[in-house]
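Working through the structure, step by step
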Amino acid sequence: MGITKTEFFTDEQNKLSILFKVLGHPARIAIIQHIINQKACICNDLVDELGLAQATISQHLKELKSIGIIQGNIEGKSVCYCIDENIWNEIKNKLISFFNQNVNINQCC
């Protein structure tokens, strides 16, 4: 597999690529949806809800935290996760902007 030459692309293209990569796993979408529905979530709840191993859930949480969409607060031996509303809105606006680009369908194949 070749190396991605990110310097060939704009910052915005690289950021969108990372965003799509992180959001491109169904378990991560399920985690986000569960947190949204619960308003907050303890990691062990996710293990019960999704049926995935604790280590797998932790890895997915780490990826979601890397783009800032979730944040966690330590409560005793557990970590309570929630959606970062500012980052959520920023991501939403980036995706809306990306998908609102005009496409001239008449000149396509």
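Read on for a plain summary of the structure. (Residues numbered from 1 in each chain as written. Predicted model: local features only at pLDDT ≥ 70, side-chain atom pairs only at ≥ 80, totals over all residues. Heavy atoms only, no water.)

**As for the sheet that holds strand E2 (residues 70-75)**
Two strands in a sheet stick together by hydrogen bonds in their backbones, pointing the same way (parallel) or opposite ways (antiparallel). Reading across the sheet, the three strands line up as E1-E3-E2 and stay open at both edges, with antiparallel pairing between neighbours. Pairing within the sheet leaves two strands with one partner each, and these edge strands are strand E1 (41-42) and E2. Looking at chain direction, E1 and strand E3 (residues 78-83) are connected through two bridges and run antiparallel. Bridging from a neighbouring strand, Cys 41 pairs with Tyr 81 of E3. (Pairing = 2+ DSSP bridges. Helix = DSSP H or I, 4+ residues; strand = E, 2+ residues; numbered from the N terminus.)

**As for helix H1 (residues 11-23)**
Across its 13 residues, H1 extends 18 Å between first and last C-alpha, which sits within 8% of the 18 Å expected from 1.5 Å per residue. All of the buried residues in H1 are Asn 14, Leu 16, Leu 19, Val 22 and Leu 23. Looking at the buried side of H1, the elements it contacts are helix H2 (26-38), helix H4 (54-66) and helix H5 (85-99). (Expected span 1.5 Å × (residues − 1). Buried < 20%, exposed > 50% of the residue type's maximum accessible area, 1.4 Å probe, protein only. Contact = heavy atoms within 4.5 Å.)

**Regarding the pairing of E3**
Summarising the sheet, E2 and E3 pair through six bridges and their orientation is antiparallel. The partner of Gly 72 across the bridge, within E3, is Tyr 81. In this structure, the hairpin formed by E2 and E3 is closed by a connection of two residues, where Gly 76 is found at a positive phi of approximately 65°.

**Here's the deal with the packing of aromatic side chains**
Going through the model one piece at a time under the given rule, you end up with three aromatic pairs. Here a set of aromatic residues connected by ring pairs shows up, and it is made of Phe 20, Phe 98 and Phe 99. (Phe/Tyr/Trp six-rings, centres within 6.5 Å; stacked < 30°, edge-to-face > 60°.)

**Quick notes on the nonpolar core**
Ile 31, Ile 35, Leu 61, Leu 64, Ile 67, Ile 69 and Ile 70 are the most contacted members of the largest nonpolar core, which totals 19 residues. Elements supplying a minimum of two residues to this core: H1, H2, helix H3 (43-50), H4 and E3. In this structure, Ile 67 is in contact with Ile 18, Leu 19, Val 22, Leu 23, Ile 87 and Ile 91, ignoring residues within four places of it in sequence. (Core = buried A, V, L, I, M, F, W, Y, C linked by side-chain atoms within 4.5 Å.)

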